[in-house]
Each structure stands twice: as structure tokens, then as C-alpha cells.
Amino acid sequence: MSKFVVAVDGPAGTGKSSATKRIADLAGLIHVDTGALYRGVAYLCFEAGFTLDFDESDQPAIGKIAQKARFEFKRVKKQNPSNRLIVNGHDVTSLIRTPDMSMMASKISAIPGVRNALTGLQRTLGLSAPSILEGRDIGTVIFPDADLKFFLTASIDERAKRRLDELEAQGGDTPSFEELREQIRLRDEGDSTRAIAPLKKAEGAVEIDTTALTLDQVVEKMAKLILAKKKELAI
Ligand code: DC
């Protein structure tokens with residue numbers, strides 16, 4: 001591995017995205033949100049007419065959708081969020097954060113053809129510059145030799161509360177706390193029991209329970225280790 005790679009894994013709502021975005025700016029790393037790629041494929045699946053109860057016989061077609069998809073991450077300063085995801089030429093950034101999209105992303109991410117289609121792209125992005133990647137299998141499958149690995153956790157109630165706050169801030173219809181909690185529980189179960197690349201702590205990963213920590217505290221803990229590692233490797 002020629003560049004500097006930090007792997008950050010963990011279930012939904014543990015603060016991965018917020019922390020890694022801040023750390024990327026702080027430590028001069030590019031931030032790669034790998035969940036957004038799975039969400040991009042989920043978007044294309046809904047667009048192609050698939051529903052959340054697709055069955056096993058649909059898997060090859062969904063795998064093909066992922067293989068044919070073209071992804072682009074763009075920074076557009078005047079828009080919020082400024083990190084935009086373009087899939088097959090469409091800016092899907094504001095469409096991929098709904099609860100249905102989360103559930104579809106989790107379901108299609110268990111399909112081997114989908115995972116294979118996204119593996120090369122994640123490695124290319126991670127090696128294009130010193131980077132921090134967040135997802136479910138970064139430290140176990142995508143970059144098992146990452147320079148530093150983190151595994152974030154938090155109680156399910158705290159994670160559901162954070163998701164609720166996030167969705168309320170976006171405006172529009174918001175599910176109840178109980179609904180969100182159940183969706184997160186189902187997603188955790190699917191993501192950590194699937195046959196390939198299940199969510200689990202990578203060997204050597206630093207585990208941080210973020211339940212009682214503020215975002216600043218999480219960033220501080222992670223940044224300290226990352227900056228020390230960069231110094232050690234003279235990056
Ligand atoms: O991080 P996120 O909530 O945006 O991810 C959405 C789904 O994508 C998640 O439930 C499982 C899948 N995913 C994955 O399987 N592997 C990754 N590296 C990232 C996400």
C-alpha cells in the first residue's frame with residue numbers, strides 16, 4: 001500500500017460520518033463515504049422498479065445494476081452538503097438519506113455481485129491520496145492492511161435518537177423514535193449476519209464507544225491517534 005489509509009467501521013448512527021468528515025479536514029485526508037455508494041445502488045434499484053421485498057431471483061439483475069453504475073464524488077462549495085454523489089450523471093445526494101434508502105442499501109449490500117462491483121472503486125478512491133474511509137468492511141475486507149483502524153459503537157437508543165435528530169433537521173415526514181429504533185435493529189442484524197463481508201470489528205481496530213461522548217470528544221480521540229501515526233510514518 002503506497003498511501004496512508006485510515007479505516008473506520010461500525011453500525012449506523014455511531015457518529016462515523018460526522019467524525020470522519022471533520023477528521024478528514026483536520027488531518028488533510030480525503031473522506032470516502034462508502035455507504036453512499038451502496039445507497040447510490042439502492043437508488044438505482046428503486047428507479048428500476050425493485051421494491052424492498054425483492055427476492056433471490058432478482059439478485060443477478062441487481063448485481064448488474066451495480067456493475068454498470070458510474071459514480072462520481074464532487075465538491076460543490078455553494079451546496080449543502082458540499083460533498084455530492086453523482087450516479088449515472090444524476091446528483092442523488094439529497095435523495096439517498098431516507099429510511100427506505102437505508103434499508104434498501106443494507107439489503108442489496110448482501111448481494112455478492114453488488115459488493116464485487118464496488119470493491120475496486122473503494123480501493124482506487126482510498127489509494128488516490130492519503131484517505132479516511134468509513135463503512136462496514138473497510139478494515140476487514142477493503143483495506144485489511146490499513147495504517148490505522150477504528151471500530152465505533154454506541155447503544156441502539158442513542159443511535160436511534162441521533163438518526164431522529166438528523167431526519168428532523170432535514171424536514172419533511174419523520175418516523176417515530178420506535179420505528180427508527182426497529183429499522184436500525186433490523187439493519188444491524190442484516191449487516192452483521194450476511195454471508196460476505198459482515199460488519200465486525202477488524203483485528204487491531206481501536207474500539208470507541210461513542211454513546212456518552214460528544215462529537216468533539218470522538219474527533220479528538222481519533223485525530224490524536226491519526227496525527228501520531230502520520231508523524232510516525234512521515235506522511
Ligand atoms: O453507512 P451507511 O448507513 O450509509 O450504509 C448504508 C448501508 O450500506 C449499510 O446498512 C450497509 C451497507 N454498507 C456496506 O455493506 N458496506 C460498507 N462498507 C458501507 C455500507
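Because the structure is a prediction, the values reported are computed rather than measured. (Residues numbered from 1 in each chain as written. Predicted model: local features only at pLDDT ≥ 70, side-chain atom pairs only at ≥ 80, totals over all residues. Heavy atoms only, no water.)

A. Looking closely at the sheet that holds strand β1 (residues 5-9). Strands sit in the order β2-β6-β1-β7-β8 across an open sheet of five strands; the sheet is parallel. Whereas interior strands pair on both sides, the edge strands pair on one side only; in this sheet they are β2 (30-33) and β8 (206-209). Geometrically, the sheet is characterised by an average inter-axis angle of 20° between neighbouring strands, direction not taken into account. Pairing of β1 with strand β7 (residues 148-153) involves four bridges; the strand directions are parallel. By the bridge assignment, Val8 is partnered in β7 with Phe150. Against the sheet, helix α1 (residues 16-27) touches β1, β2, β6 (131-135) and β7, its axis set at about 175° to β6. Across the sheet, helix α5 (residues 112-127) touches β1, β2 and β6, and the angle it forms with β6 is around 150°. (Pairing = 2+ DSSP bridges. Helix = DSSP H or I, 4+ residues; strand = E, 2+ residues; numbered from the N terminus. Axes fitted to C-alpha atoms, helices over the stretch in contact; angles between N-to-C directions. Contact = heavy atoms within 4.5 Å.)

B. Broad picture of the sheet that holds strand β5 (residues 90-91). On the basis of which strands lie adjacent, the open sheet formed by three strands has the order β3-β4-β5 and antiparallel pairing. Edge positions in the sheet fall to β3 (71-75) and β5, since each has one partner strand and no second. The pairing of β3 with strand β4 (residues 83-87) spans five bridges and is antiparallel. When the sheet's bridge partners are listed, Phe71 is paired in β4 with Val87. Against the sheet, helix α2 (residues 34-47) contacts β3 and β4, and its axis sits at roughly 120° relative to β3.

C. Expanded view of the layout of surface pockets. When its volume is computed, the second largest pocket comes out at roughly 220 Å³. What lines the second largest pocket is a set of 14 residues, and nearest its centre among them are Phe54, Gln59, Ser106, Lys107 and Ala110. Elements represented by at least two residues in the lining of the second largest pocket include exactly α4 (99-108) and α8 (177-193). For the lining of the second largest pocket, the element with the most residues is α8, which contributes four residues. Classifying every residue of the lining of the second largest pocket by side-chain character gives six nonpolar, three polar and five charged. (1 Å grid on protein atoms, 1.4 Å probe; cavity = no way out; pocket = protein on both sides within 12 Å on 5 of 7 lines; lining within 4 Å. Points joined across faces, edges and corners; volume = space filled by probe spheres on them. Nonpolar A, V, L, I, M, F, W, Y, C, P; charged D, E, K, R; others polar.)

D. View of the site of the ligand. Inspection of the region around the ligand gives 15 residues, with Arg39, Arg115, Arg187, Asp191 and Arg194 positioned closest. Separating an oxygen atom of the ligand from a side-chain N or O atom of Ser109 is a distance of 3.4 Å. Contact between the ligand and Asp137: a nitrogen atom at 3.0 Å from a side-chain N or O atom of the residue. For the ligand, whose free accessible area comes to 450 Å², the fraction covered by protein is 97%. Of all the elements in the fold, those that place two or more residues in the shell around the ligand are α2, α4 and α8. No other element matches α2, which puts four residues into the shell around the ligand. For the shell around the ligand, a count of residues per class yields two nonpolar, five polar and eight charged. (Near = heavy atom within 4 Å. Polar contact = N/O pair within 3.5 Å; in protein donor to acceptor, adjacent residues only side chain to side chain. Areas by Shrake-Rupley, 256 points an atom, 1.4 Å probe, with all protein chains shown as cover.)

E. Geometry of unusual backbone geometry. The backbone of Ala197 shows a phi angle near 45°, a positive value even though the residue is not glycine. Positive phi, normally seen in glycine, also occurs at Ala234, with a value near 55°. For Ala234, the location among the structural elements is in the segment after α9 (215-232).

F. Examining the packing of aromatic side chains more closely. All chains considered together, the criterion is met by zero aromatic pairs. One cation-aromatic arrangement involves Lys107 over Phe54; the distance from NZ or CZ to the ring centre is 4.9 Å. (Phe/Tyr/Trp six-rings, centres within 6.5 Å; stacked < 30°, edge-to-face > 60°. Lys NZ or Arg CZ within 6 Å of the ring centre and 35° of its normal.)

G. Main features of the nonpolar core. Ranked by size, the top nonpolar core spans 26 residues in total, and within it Val41, Cys45, Ile62, Phe71, Ile108 and Val114 carry the most contacts. Mapped onto this core, the elements with two or more residues apiece are α2, α3 (59-68), β4, α4 and α5. Top contributing element to this core by residue count: α2, with eight residues. Residue contacts for Val114: discarding those within four places in its chain leaves Tyr38, Val41, Ile62, Gly63, Ala66 and Ile108. (Core = buried A, V, L, I, M, F, W, Y, C linked by side-chain atoms within 4.5 Å. Buried < 20%, exposed > 50% of the residue type's maximum accessible area, 1.4 Å probe, protein only.)

H. Structural detail: empty space enclosed by the protein. One pass over the structure, following the stated rule, counts one cavity of 30 Å³ or more. In this model, the largest cavity occupies a volume close to 90 Å³. Forming the boundary of the largest cavity are Arg97, Thr98, Pro99, Ser102, Met103, Arg163, Leu167, Leu180, Gln183, Ile184 and Arg187. At the level of secondary structure, the elements contributing two or more residues to the lining of the largest cavity comprise α4, α7 (156-170) and α8.

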